[in-house]
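Per-entry structural report
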Amino acid sequence: MSDILSQDIQYLKGVGPARAKLLNSELDVYTLKDLLYTFPYKYVDRTIIHRIQDLEEDMPQVQLVGQIVDFERVTKGPHKRIVATFTDGTGYIELVWFKALKYINETIKANVPYLILGKPTVFGRRFSIAHPEIEKYDEENTRQNQFQAFYSTTELLKKRNISSKVISHLISNAFDAVQGKLAETLSPSIINEKGLLSLEKALYDVHYPNSSKSLPLALHRLKFEELFYLQLDILHYAKDRKKEVAGFLFKKVGEQFLTFYNDHLPFELTEAQKRVIKEIRSDMRKGQQMNRLLQGDVGSGKTMVALMSCLLAIDNGFQACIMAPTEILAEQHLATVRELLGNMNVNVELLTGIVKGKERKRILDDLASGKTQILVGTHALIEPKVHFLNLGLAVIDEQHRFGVKQRSKLWEKNIRPPHVLVMTATPIPRTLAMTVYGDLDVSVIDELPPGRKPIQTLHYYSSDVDKMYAGIRTELKRGRQVYIVYPLIEESEKSDLKNLEDGYMQLTEVFSEYNVGKVHGKMKSQEKEAAMSAFLNNEIQILVSTTVIEVGVNVPNASVMVIEEADRFGLAQLHQLRGRVGRGAEQSYCILMTHRRLNENTKRRMDIMVESNDGFVIAEEDMKLRGPGDLEGTAQSGLPFTLKIANIIKDNKLMEEARECATRIMTSDPDENLSDNAIVWKQLKRLKRNKENFSDIS
Ligand code: ADP
Ligand code: MG
């Protein structure tokens, strides 16, 4: 290809075949473009030189100029190291190397002026810097750029003398090679509208920013572009798929739906529920396969939406299934659905891993013959042996436990993929949902059923346990029920279970006139179920459990949720747990128990829980507190390509802007022929092509 950017890296000045091989294997750099898009991981202001006498504890990286006056070499044994005494005339520090000793030995000399960079730590009486960046201090160090970019390297690269500095140098050579030939990748109208730098300027400045002002502008342009194409790619893919994948046509709203709506609804639907059901109906009438994500806070009434969608399927001659992540939940869905349907003539069955033998055979037969109209179950539903006569709709509850792969297994259950409705209460900001779930359309239930009193959340220290007991007792006397949840993580399973057992014992003593039960993941399914259903039937008033109850369980008479060691839970999880209460009309309480010594971050988390009941607010706060934590991990893995410069969490605002811009282009230029967008469509094609090539390799 004539494209200068795709030129092989080995022909670049300063590279050659040997270095090219290293760049390929260590940095994934094959072309000039790859090199130019190898972004720095940090910048250092090289105009600031510190003095050793001014060093303090807890300083970030500092820059010093001086000389080494003495070496101490330990060349053998487990404590091999080189320690150099370094001075700038105002004091002494130690430079320490534990690795690459041979290289240091050969290259670093005494009585030569050096510029060093590193984080000082106090060691004994002196400061020391481990593995400092070190280079000769001479005329070359009076650089034009205030900021120096630093690039990640690997052990092997360091060994072969390809340091961050060398990479910077190679990038500079690459710029010489492409100068004036770098094609712009965004259209003039986008650049104007958003006030962006040109690609060439942005790329240059990101590597060689000459002031603190030019760097953010460069980053902004590159991040925007990355997010813009990410969004355009997703929108484009979703449009293509809609064209390709024909879906079952649910033409009519029929008898079952209407009978239910007119005679069996136990309450008015909320406006949000009505809107979402409309959105689903309109999807199903289009002749395209529906792929919809339904987000709704805990207790917002998603089950009702699921059931009514199933009735639409039945009315059109299809079967439907509802998949839940746990047996307990599946059981409960079955009970809820049967109760809601009352005496209506709809066959609902349950299939989970524990349904065996004759019963299983009967269920599978009824499913294959079409007698069963709604099948509720766990992931046992997607096993290959489960055959539907005519599956038209699959509802997946609590999406975060079902991966995309499992979802796609459903597609094979009929000659065409059934409509899919994915329901989740894990609140993530809307743009993120649209990005991570890619091809899914998103509906939101943003309203709770009326008459709910907001749950009151209290934060108690463990020394306040008597206050907590008193609160519980008041509610028990009113005839209400109580959850007490303990954390359980695998690494500390033994002690966690012991805490739970101790708590259980204590509660049976303190509340001897009530029945106390327990549920945890180590119990057999039957035992768990027995305890759960006893709680459901108010035979047990206090349920001590681990997070097995986290998802979806519905016991409206329960009014208190006590969370022990609440500091060990994430915000999203706390919110989920709290959502188990507040399901009836009475006032409910959530009590967060922690020990007294909390760090600032944890204290803040407890405060947020006390202050807010809104899942979306909590999700935003969670992301702020955690930063790009594990959410980022899961989020990244849902993307069609990895982001090199933008951050899916931190740059959420910019992503919204990019989404808006991409949507505008998709809708205003559906045939992709406006000259103004020519650059954009061409670039999108190029990116898609690269993606395919990439997936061929890996
Ligand atoms: P989630 O969205 O967490 O799955 P559920 O579907 O379990 O919520 O509903 C929570 C509770 O709210 C249930 O007891 C349900 O019967 C009730 N509910 C659902 N919709 C309404 C409504 N429109 N009006 C009153 N109560 C409702
Ligand atoms: Mg639910």
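Everything numeric here is computed off the predicted structure, so don't read it as measured data. (Residues numbered from 1 in each chain as written. Chains lettered and ligands numbered in written order. Predicted model: local features only at pLDDT ≥ 70, side-chain atom pairs only at ≥ 80, totals over all residues. Heavy atoms only, no water.)

1. A word on the overall build of the chain
A tally of regular secondary structure across the chain gives 24 helices and 22 strands. Its C-alpha atoms give the chain principal-axis dimensions of roughly 90 × 70 × 45 Å. Across the 698 residues in the chain, those meeting the buried criterion constitute 51%. Counting only contacts in the chain whose residues sit at least 6 apart along the sequence, the fraction spanning at least 24 positions is 73%. Total accessible area on the chain is roughly 33,800 Å²; 51% of this is exposed by carbon and sulfur atoms. On the chain, the mean spot of the 93 positive side-chain charges and the mean spot of the 92 negative ones are 3 Å from each other. (Helix = DSSP H or I, 4+ residues; strand = E, 2+ residues; numbered from the N terminus. Buried < 20%, exposed > 50% of the residue type's maximum accessible area, 1.4 Å probe, protein only. Contact = heavy atoms within 4.5 Å. Areas by Shrake-Rupley, 256 points an atom, 1.4 Å probe, with all protein chains shown as cover. Lys, Arg positive; Asp, Glu negative; His and termini not counted. Charge placed at Lys NZ, Arg CZ, Asp CG, Glu CD.)

2. Remarks on the domain arrangement of the chain
For the chain, the domain assignment lists domain 1 (1–42 + 152–179), domain 2 (48–144), domain 3 (255–284 + 301–424) and domain 4 (456–612). Inter-centroid distance (C-alpha atoms) of domain 1 to domain 4 is 56 Å. (Domains from an automatic or database assignment.)

3. Comments concerning the sheet that holds strand β12 (residues 348–351)
The strand order β12-β13-β11-β14-β15-β10-β16 describes an open sheet built from 7 strands, whose pairing is parallel. Every interior strand has two partners, whereas the edge strands, β12 and β16 (441–445), have only one. Pairwise comparison of adjacent strand axes, ignoring direction, gives a mean angle of 20° for this sheet. With 5 bridges joining them, strand β11 (residues 319–323) and strand β14 (residues 391–397) adopt parallel strand pairing. Within β14, the position partnered with I322 by the bridge is V395. Helix α10 (residues 271–284) contacts β10 (291–296), β14, β15 (419–424) and β16 of the sheet and is inclined by roughly 160° relative to β16. The sheet strands contacting helix α12 (residues 327–341) are β11, β12, β13 (374–377) and β14, and the helix crosses β12 at an angle near 175°. (Pairing = 2+ DSSP bridges. Axes fitted to C-alpha atoms, helices over the stretch in contact; angles between N-to-C directions.)

4. Things to note about the site of ligand 1
If you check the shell around ligand 1, you find 16 residues, and the closest are E268, G299, K302, T303 and R452. Here an oxygen atom of ligand 1 sits 2.6 Å away from a polar atom, N or O, in the side chain of T303. Considering ligand 1 on its own, with 560 Å² of exposed area, one finds that the protein chains cover 84% of that surface. Here the residues of the shell around ligand 1 are counted per class, giving 4 nonpolar, 7 polar and 5 charged. (Near = heavy atom within 4 Å. Polar contact = N/O pair within 3.5 Å; in protein donor to acceptor, adjacent residues only side chain to side chain. Nonpolar A, V, L, I, M, F, W, Y, C, P; charged D, E, K, R; others polar.)

5. What about unusual backbone geometry?
Backbone geometry places N161, a non-glycine residue, at a positive phi of 65°. Following the sequence through the fold, N161 ends up in the loop between α4 (155–159) and α5 (164–178). Phi angles above zero are rare outside glycine, and N538 is one such case at about 60°. Looking at the secondary structure, you find N538 in the loop between α18 (525–536) and β20 (542–545). Classification of N538 as partly exposed rests on a relative accessible area of 31%.

6. Observations regarding the confidence of the model for the chain
For the chain, per-residue confidence averages 88 on the pLDDT scale, and residues scoring 70 or more make up 91% of the total. Low confidence marks residues 694–698, where pLDDT is under 50. Its contacts with residues over four positions away, or in another chain, come to 0 contacts. (pLDDT = per-residue confidence, 0-100.)

7. Some words on the nonpolar core
Counting residues in hydrophobic clusters, the biggest one holds 43 residues, and the most contacted among them are F260, L341, I374 and L393. Broken down by element, this core gets its largest block of residues, 10 residues, from helix α11 (residues 302–315). Those residues in contact with I374 that sit more than four places away from it in its chain are L307, C310, I314, A320, I322, V346, N347, V348 and E349. Of all hydrophobic cores here, the second largest spans 36 residues; its members include I9, L182, L203 and V206. (Core = buried A, V, L, I, M, F, W, Y, C linked by side-chain atoms within 4.5 Å.)

8. Section: helix α17 (residues 493–510)
In a regular helix each residue adds 1.5 Å, so 18 residues correspond to 26 Å; α17 covers 26 Å between its end C-alpha atoms and thus fits that length. Inspection of α17 places D496, L497, L500, G503, Y504 and L507 among the buried residues, and these make up the whole buried set. The buried residues of α17 occupy one face: seen down the axis, they fall within an arc of 120°. Relative to its buried face, α17 has exposed residues pointing more than 90 degrees away, namely K494 and E509. (Expected span 1.5 Å × (residues − 1). Arc of directions from axis to C-beta.)

9. Here we look at the packing of aromatic side chains
Aromatic rings considered in pairs are described by the distance between their centres and by the relative angle of their planes. Within this structure, the stated rule accounts for 11 aromatic pairs. Relative to Y208, the ring of Y204 has its centre 5.1 Å away and its plane inclined at 45°; by these criteria the two rings are tilted. For Y204, a relative accessible area of 39% corresponds to the partly exposed category. Its relative accessible area of 11% is what places Y208 among the buried residues. Following the ring pairs from residue to residue traces out a cluster consisting of F175, Y204 and Y208. (Phe/Tyr/Trp six-rings, centres within 6.5 Å; stacked < 30°, edge-to-face > 60°.)

10. Looking at the environment of G451
Its place among the elements puts G451 in the loop between β16 and β17 (456–461). Judged by relative accessible area, G451 falls into the exposed class, the value being 56%. Separated by 89 residues in the primary sequence, G451 and R362 place their C-alpha atoms 43 Å from one another.

11. Here's the deal with the pairing of strand β22 (residues 589–594)
Taking burial as the measure, the 6 residues of β22 include 5 buried ones, the bulk of the element. Note: β17 against β22, 6 bridges, orientation parallel. Its bridge partner being in β22, L458 is matched across the sheet by I591. With 4 bridges joining them, strand β21 (residues 558–563) and β22 adopt parallel strand pairing. Residue pairing for β22: V560 is matched across the bridge by Y589. Read as a crossover between parallel neighbours, the route from β21 over helix α19 (residues 571–578) to β22 is right-handed. (Right-handed = clockwise from strand over helix to strand, strands pointing away.)

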